[in-house]
Number of protein chains: 2
Amino acid sequence: MPDPAARKAPQPATSQASEYAPEVRFRLRLTQGARIAVGPGRIELLEAVREAGSITAAARGLGMSYRRAWMLLDDLNRCLRAPVVESVHGGAQGGGSRLTDTGLELVRLYRHIEQTAQRACGEDIEALKGLLARP
Amino acid sequence: MPDPAARKAPQPATSQASEYAPEVRFRLRLTQGARIAVGPGRIELLEAVREAGSITAAARGLGMSYRRAWMLLDDLNRCLRAPVVESVHGGAQGGGSRLTDTGLELVRLYRHIEQTAQRACGEDIEALKGLLARP
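Owing to the predicted nature of the structure, the values given are computational and were not obtained by experimental measurement.

A.B. asks: How should the overall build of chain A be read in this particular structure?
C.D. replies: Helix and strand content of chain A: 6 helices and 4 strands. For chain A, the α and β elements follow one another from N to C terminus as α-β-β-α-α-α-β-β-α-α. Buried positions account for 35% of the 135 residues belonging to chain A. Residue pairs at least 24 apart in sequence account for 45% of intrachain contacts in chain A once pairs closer than 6 positions are excluded.

Have a look at this one:
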C-alpha cells in the first residue's frame, strides 16, 4: 500500500465535497467514568418528545424503536437527580409524555452551551474551514 | 414494558457512577455534506503521528490497524488544501512520517477551539453537571 505521507501535492476536492459548504458542529458529551450520561442523541430524543408529546411518536419521528427510546430515557432518568420525562394522563390527547422541568432545563442548557461555544470560537472555526480544500 | 415517564422519584446513582466525577467533553466535527472531514479520531491520530514519528507506531499506539490509519490520513489529505502528513527519509531513525505545517496547524486549531469552548461555557457546564445524580 502506498504511504499517504508520500502525497505532497494538494488533492483536488471531490465533486461531492465541493457541492457543500463546510459546517462545524460541537457535540457535547457529559460522561461519568466510561458511561455517557448526556449526549447529542439523548438531547435530540428529548426534543422530539417535547414536540410530539409522546415517546412513541418521538421514536417514530427519529426512526428509532420504541424500546430503544424507552431505554435511553430510562437511562437518562437514572443519571440525573430527577426524571426528565413524565406521563400525562387523560386530556384531549388521551395522555402521553412530556418533559419535566429538569428535562426542559437539560435541553436548554445543552443547546445554549453549543451556541455559546460556536460563538466564542468563531475566528478559529473560520481558520479551520480555511484549511479545507475548495472546489 | 413499563413507561419510563412513570419514574417520579430521583434514582440513586449506581455505585459505578458515584466513583467518577462527571466530565464534559466537546467533540468538534467539521463536515462537508454527509462527509466528516475533521473529527476527534483523526485529530488523535495526527497527534499520535506527531509524537511517534511514524504511522505504524501511531497506529499501534492507538490499537488501530496500519491500514485503517493510512485510510484516515489519506482521506484527511484529500479533504484539506494541503497534505497533513509527509514522509521523512533517512536520518538516525531511518525515516518515518511527520506532520506538515498544515497538519500541525490543524491540530493546534482543533485543540484550541475545544479549550476556548470549555472556558466560554464554564458556568453552563457546571449547571449541567448539577443536574446529575450524586452519590
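A.B. asks: Looking at this model, I keep getting lost on the environment of Arg 27 of chain A. Mind explaining?
C.D. replies: Turning to its location among the elements, Arg 27 of chain A is positioned in strand S1 (residues 22-32). Beyond its immediate sequence surroundings of up to four residues, Arg 27 of chain A is in contact with Pro 40 of chain A together with Arg 27 and Arg 29 of chain B.

A.B. asks: Looking at this structure, I do not really get the sheet that holds strand S1 (residues 22-32) of chain B. What am I missing?
C.D. replies: Think of a sheet as strands paired side by side through backbone hydrogen bonds, with each pair either parallel or antiparallel. Taken in spatial order, the 4 strands of this open sheet run S2(A)-S1(A)-S1(B)-S2(B), and their pairing is antiparallel. Sheet topology places strand S2 (35-38) of chain A together with strand S2 (35-38) of chain B at the edges, where each strand pairs with a single neighbour. Each neighbouring strand pair of the sheet contributes to a mean axis angle of 55°, computed without reference to strand direction. Bridge analysis of S1 of chain A against S2 of chain A gives 3 bridges, and the strand direction is antiparallel.

A.B. asks: Which parts of the structure should I look at to understand helix H6 (residues 122-130) of chain A?
C.D. replies: Residues spaced three or four apart along an α-helix point in a common direction, a consequence of the helix completing one turn every 3.6 residues. Among the residues of H6 of chain A, Asp 124, Ile 125 and Leu 128 of chain A are the ones counted as buried. In an axial view of H6 of chain A, the angular spread of the buried residues amounts to 100°, which keeps them on one side of the axis. The exposed residues of H6 of chain A that point more than 90 degrees off its buried face are Gly 122, Glu 123, Glu 126 and Gly 130 of chain A. Against the buried residues of H6 of chain A lie S1 of chain A together with S1 and helix H5 (101-120) of chain B.

A.B. asks: Teacher, can you tell me more about the packing of helix H2 (residues 40-52) of chain B against H5 of chain B here?
C.D. replies: Any two packed helices are characterised by how steeply their axes cross, that is the angle between the axes, and by the distance between the axes. Residue and element names in this part refer to chain B. Look at H2 against H5: their axes get within 10 Å of each other, and the N-to-C directions meet at 125°. Classified by the angle their axes make, H2 and H5 are oblique. Two packed elements cross with a definite hand, and for H2 against H5 that hand is left-handed. For the pair formed by H2 and H5, the contact residues are Ile 43, Leu 46, Glu 47 and Arg 50 on the first element and Gly 103, Leu 106, Val 107 and Tyr 110 on the second. Residues belonging to the contact of H2 with H5 are distributed by class as follows: 5 nonpolar, 1 polar and 2 charged.

A.B. asks: How should the packing of H6 of chain A against H5 of chain B be read in this particular structure?
C.D. replies: Taken N-terminus to C-terminus, the directions of H6 of chain A and H5 of chain B make an angle of 160°; their axes are 10 Å apart at the nearest point. For the element pair H6 of chain A / H5 of chain B, the angle class is roughly antiparallel. H5 of chain B is crossed by H6 of chain A, and the crossing has left-handed handedness. Here Asp 124, Ile 125, Ala 127 and Leu 128 of chain A of H6 of chain A lie close against H5 of chain B, whose contacting residues are Leu 109, Tyr 110, His 112, Ile 113 and Thr 116 of chain B. Residues that form the contact of H6 of chain A with H5 of chain B fall into these classes: 6 nonpolar, 2 polar and 1 charged.

A.B. asks: Got a minute to help me understand the environment of Ala 52 of chain A in this structure?
C.D. replies: All names here are of chain A. Inspection of the secondary structure puts Ala 52 in helix H2 (residues 40-52). Spatially, the C-alpha atom of Ala 52 lies 41 Å from that of Leu 131, the residues being 79 residues apart in sequence. Beyond its immediate sequence surroundings of up to four residues, Ala 52 is in contact with Ala 57, Ala 58 and Gly 61.

A.B. asks: Please clarify how the pairing of strand S4 (residues 96-99) of chain A should be interpreted in this entry.
C.D. replies: All names here are of chain A. The alternating pattern of S4 places Ser 97 and Leu 99 on a buried face, while none of Gly 96 and Arg 98, on the opposite face, is buried. Here strand S3 (residues 85-88) pairs with S4 via 4 bridges, running antiparallel. Paired with Val 85 across the strands is Leu 99, a residue of S4.

Thresholds applied
- Residues numbered from 1 in each chain as written.
- Chains lettered and ligands numbered in written order.
- Predicted model: local features only at pLDDT ≥ 70, side-chain atom pairs only at ≥ 80, totals over all residues.
- Helix = DSSP H or I, 4+ residues; strand = E, 2+ residues; numbered from the N terminus.
- Buried ≥ 20, exposed ≤ 12 C-beta atoms within 10 Å, placed from the backbone.
- Contact = placed C-beta atoms within 7 Å.
- Pairing = 2+ DSSP bridges.
- Axes fitted to C-alpha atoms, helices over the stretch in contact; angles between N-to-C directions.
- Arc of directions from axis to C-beta.
- Parallel < 35°, antiparallel > 145°, perpendicular 65-115°, else oblique.
- Left-handed = near helix turned anticlockwise from the far one by under 90°.
- Nonpolar A, V, L, I, M, F, W, Y, C, P; charged D, E, K, R; others polar.

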